[in-house]
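# Inside the fold
Spelled out, the chains give:
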Amino acid sequence: MKFNVLRTGGSFRASLASMAIAATLLSGTTLAQAQEHGGILTISQVADAQPVALLALRAGNTPWIRNVFETLTRIDPATFQPQPVLAESWTLAEDGLSMTIALRSDVTFHSGRPMTAEDVKFSFETAALPESTSQVGFIAREFESMDVVDDHTLNIVFKRPLSNVFDFFEETYIVDKDTYDQREDGSQVIGTGPYTFAEWSPGASITLKRYEDYRVEDTAWFDEIEVAIIPDPTATIAALRSTRTQIATGLTPRDTLEFTRNPQFEVVETGGTMYPLGVNVGIAPLDNKLVRQAIAYAVDRERINDQVFLGTGTVTDLFWSPSAPGYTDELASHYSYDPEKAKGLIAEAGAEGATIPIVVPAIPSQRSIFEIVQNNLREVGLIPEAVVLDVADFDKRQVAGDLGAAFLLLHGQIGFSSPTLLSSLPSLREGNPSGFWNDDYVALREAMLAATTAEALGEATTALTEYMLDEAYSTVLVQAPGQIVVAAGLEGVETTVRGGLILAGAYEE
């Protein structure tokens, strides 16, 4: 079985040279290679859809959203350079302070209305609003102005050169300005992609249907895509075995293990997620840095990687990609497992026997991580207690920075550049649930964001990383690749570098 899969690589560094790229649309296998179109493709996912959060990165949207909505660009997996989707070409000014974008003229929304530069401007302005909860919206807040030149041309002026502007283009879906405010109940989820958002039964299923007027011929082989919401991995595995599901997302490596040895399936690594353990520095005893450091030393990251992710992940304390400037193995292993040191720090802080409530989202991998963290903290003299939240409630509280004393998070943003991660990750940005924000932190962040060369970025990243490790308000446990299981006979499945499923060219043999 052959898959055209974009795998996560190193940090994306968008070129700031002037560019003019010919119009193409990234596509996989075409309908011409399939016998005939029709039928239903079935997918399972763990979390429910969140139409209200179209411009945010949400696990419940990732498996379906890129088939309904499109972005200006996508990242080429070989060069990590942006390739056009809704954008036809773009030109960056020599000083890096403005960009002119030429849009395709043949794009229509599922309502039948032509997409224009006004829709792109609306989408960008909306993503910039804090209430959109877009993890990359901060990039749009660095736009000085956006001017619609004509229906298919948009000019953007930046406040400063933005090396990560293509991270924003890659992750900001172009929405229909006329119906965006009707999206929450799923009745008006209008995009430009090859499939329409036809029906949503909250907590149960999502139905996508082929968009008959899609601009690219030989696209969207299936009549429908049925997405089942199955939080229980055992039920997902049973659905795969019985062929009720052809693609499964959200499973742990332990869940997918049996399928790696079964010729009727293929397990594909795609995108990736970082799993941090965060604490609130304003809540005792976590307001004591010694206790925070003790917790970081107490967690056996290798065990988490081996037991939860079957060794597929990268054990690291850091949020950055291993290929990012300033990332070193020494920094990444700063908090190597050392329970005796953790006990000593807890004794020094007088925190023996302290109860630590830990918020855990109701996701299988997070429950498994908690079991290990719980045992580790008990061994060093603390009393951890699980506070399990459903995913929707967890997401709301994470955005609000209100997760209590301690929390296990997951951020599916591997593949972003370090400057983007710094301001996009809920763990690190202003208003983070750790309540960590001070003048020293801000100054170190600004130095990293202002870096214009790889050398300067590396130096700034190292300085910030050392400070973050010392404060120990949030440290990563493991960075792990995402995995999807695909049934034999299903061809043309693609994914983005950050794990989004693209099924425009998917078909059955």
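Just so it is clear, the model here is predicted, and its values are computed rather than measured. (Residues numbered from 1 in each chain as written. Predicted model: local features only at pLDDT ≥ 70, side-chain atom pairs only at ≥ 80, totals over all residues. Heavy atoms only, no water.)

### Description of the overall build of the protein
Heads up, the rule is: A helix here means a DSSP run of H or I that spans at least four residues, while a strand means a run of E at least two residues long, and both kinds are numbered starting from the N terminus. Atoms counted for the radius of gyration: C-alpha only. Globule rule: 2.2 Å times residue count to the power 0.38. Accessibility here uses a 1.4 Å probe with only protein chains present; expressed as a share of the type maximum, an area under 20% marks a residue as buried, one over 50% as exposed, and anything in between as partly exposed. What makes two residues a contact is simply this: any of their non-hydrogen atoms within 4.5 Å. All accessible areas in this document rest on Shrake-Rupley with a 1.4 Å probe, and a residue is counted as covered only by the protein chains that are shown.
For the protein, the helix and strand inventory stands at 15 helices and 21 strands. Over its C-alpha atoms the protein spans a radius of gyration of 23 Å, differing by no more than 12% from the 23 Å that the globule rule assigns to 509 residues. C-alpha extents for the protein along the principal axes are approximately 70 × 60 × 40 Å. By residue count, 58% of the 509 residues in the protein fall in the buried class. The long-range share in the protein, meaning contacts at least 24 apart out of those at least 6 apart in sequence, stands at 73%. A total of about 19,200 Å² of accessible surface is found on the protein, and carbon and sulfur atoms cover 48% of it.

### Details of helix 2 (residues 117-128)
The line we're drawing: What a helix should span is 1.5 Å times the count of its residues minus one.
The end-to-end C-alpha distance of helix 2, which contains twelve residues, comes to 17 Å, matching closely the 16 Å that a straight helix rising 1.5 Å per residue would cover. Looking at the buried residues of helix 2, the elements they touch are strand 5 (98-103), helix 3 (137-140), strand 6 (143-150), strand 7 (153-158) and helix 4 (165-171).

### Points about unusual backbone geometry
The residue after Ala284, namely Pro285, is reached through a cis peptide bond having omega 0 degrees. Secondary-structure assignment places Pro285 in the loop between strand 12 (265-279) and helix 7 (289-298). Positive phi, close to 65 degrees, is recorded for Thr243, a residue that is not glycine. Counting through the fold element by element, Thr243 comes out in the loop between helix 5 (233-241) and strand 11 (247-248). We classify Thr243 as exposed; its relative accessible area is 61%. One non-glycine residue, Ala472, adopts positive backbone phi at about 55 degrees. Along the polypeptide, Ala472 turns up in the loop between helix 15 (454-471) and strand 17 (474-487).

### Considerations on the environment of Ile237
Within the element layout of this structure, Ile237 appears in helix 5. Through-space distance from the C-alpha of Ile237 to that of Thr496 is 24 Å; in sequence the pair is 259 residues apart. Leave out the neighbours within four places in its chain, and Ile237 touches Asp255, Glu258 and Phe259.

### Topic: the nonpolar core
Note the threshold: Buried Ala, Val, Leu, Ile, Met, Phe, Trp, Tyr and Cys residues form a nonpolar core when they are joined through side-chain atoms within 4.5 Å.
In this structure, Trp64, Phe124 and Trp320 are the most contacted members of the largest nonpolar core, which totals 131 residues. The contact partners of Phe124, leaving out residues within four places of it in the chain, are Leu72, Ala140, Phe143, Met146, Leu154, Ile156, Phe168, Phe169, Thr172 and Ile174.

### Brief notes about the pattern of salt bridges
Selection criterion: For salt bridges, the criterion is a side-chain nitrogen of Lys or Arg within 4 Å of an Asp or Glu carboxyl oxygen.
Summed over all chains, the structure comprises 18 salt bridges. For Arg66, the salt bridge is made with Glu171, and the minimal N-O distance between the two is 3.2 Å. Of this pair, Arg66 sits in helix 1 (residues 65-68) while Glu171 sits in helix 4, placing them 105 residues apart in sequence. Among the residues examined, Arg66 registers a relative accessible area of 9% and is labelled buried. By relative accessible area, which is 4% here, Glu171 ends up buried. The residue Arg241 makes a salt bridge to Glu258 at a minimum N-O spacing of 2.6 Å.

### Some words on the confidence of the model for the protein
Condition: Each residue carries a pLDDT score, the predictor's own confidence in it, on a scale running from 0 to 100.
With 92% of its residues at a pLDDT of 70 or more, the protein shows a mean pLDDT of 89. Note on residues 1-34: pLDDT under 50 across the span, and 112 contacts to partners over four residues away in sequence or across chains.

### Some points on the side chain of Arg215
As a reminder of what qualifies: Under the rule applied, a polar contact is a pair of N or O atoms within 3.5 Å (in protein, one hydrogen donor and one hydrogen acceptor; residues adjacent in sequence only if both atoms are side-chain atoms).
Here Arg215 is to be found in the loop between strand 9 (205-210) and strand 10 (224-229). Reaching out from Arg215, the side chain makes a polar contact with the side chain of Glu70 at a distance of 3.0 Å.

### Focus on the packing of helix 5 against helix 6 (residues 253-260)
Rules: Simply put, an axis is a line fit to the C-alpha atoms, just over the touching stretch for a helix, and the angle between two N-to-C directions goes from 0 to 180 degrees. Here the word oblique covers every angle except those under 35 degrees (roughly parallel), over 145 (roughly antiparallel) and from 65 to 115 (roughly perpendicular). Each crossing gets its hand from how the near helix is turned against the far one by less than a right angle, where anticlockwise is left-handed and clockwise is right-handed. Three classes are used: nonpolar for Ala, Val, Leu, Ile, Met, Phe, Trp, Tyr, Cys and Pro, charged for Asp, Glu, Lys and Arg, and polar for all others, with Gly counted as polar.
Two elements in contact, helix 5 and helix 6, have axes separated by 10 Å at closest approach and are oriented at 15 degrees. Classified by the angle their axes make, helix 5 and helix 6 are roughly parallel. The interaxial crossing formed by helix 5 with helix 6 has right-handed handedness. Facing Pro233, Ile237, Leu240 and Arg241 of helix 5, the residues of helix 6 in contact are Asp255, Glu258 and Phe259. When grouped by side-chain class, the residues that make up the contact of helix 5 with helix 6 number four nonpolar, no polar and three charged.

### Concerning the sheet that holds strand 7
Strand pairing in a sheet relies on backbone hydrogen bonds. The paired strands run either parallel or antiparallel. Rules: Pairing between strands is defined by DSSP: at least two bridges between the two strands are required.
Strand order in the open sheet formed by four strands is 4-5-7-6, with antiparallel pairing between adjacent strands. The sheet terminates laterally at strand 4 (87-92) and strand 6, the two strands that pair on one side only. The average angle at which neighbouring strand axes cross in this sheet is 20 degrees, direction not considered. Sheet analysis places strand 6 next to strand 7, joined by six bridges and oriented antiparallel. In the strand pairing of strand 7, Val148 is matched with Leu154. The strands touched by helix 2 are strand 5, strand 6 and strand 7; relative to strand 6, the strand with the most contacts, the crossing angle is about 165 degrees.

### Side note on the packing of helix 7 against helix 10 (residues 339-349)
Running from N to C, helix 7 and helix 10 point in directions that differ by 160 degrees, and their axes come no closer than 8 Å. Relative to helix 10, the element helix 7 lies roughly antiparallel. As helix 7 runs across helix 10, the sense of the crossing is left-handed. Every residue of helix 10 that contacts helix 7 at Leu290, Val291, Gln293, Ala294, Tyr297 and Ala298 is listed here: Pro339, Lys341, Ala342, Leu345, Ile346, Glu348 and Ala349. Residues of the contact of helix 7 with helix 10, tallied by class, amount to ten nonpolar, one polar and two charged.

### Observations concerning helix 12 (residues 391-400)
Applied cut-off: The directions considered for the arc are those from the helix axis to the C-beta atoms.
Of all the positions in helix 12, only Val391, Phe394, Asp395 and Gln398 are classed as buried. Buried residues of helix 12 fall within an arc of 100 degrees about the axis and therefore sit on the same side. Turned more than 90 degrees from where helix 12 packs its buried face, Lys396 and Ala400 sit exposed. On the buried face of helix 12, the contacting elements are strand 14 (355-361), strand 15 (383-389) and strand 16 (406-408). Among the residues of helix 12, the N-terminal cap falls to Asp390, whose side-chain oxygen and the backbone nitrogen of Ala392 are separated by 3.2 Å. With its phi angle positive at about 70 degrees, Gly401 sits one or two positions after the end of helix 12.

### What to know about the environment of Asp329
When you line up the elements, Asp329 lands in helix 9 (residues 329-332). Sequence separation between Asp329 and Asn262 is 67 residues; the distance between their C-alpha atoms is 36 Å.

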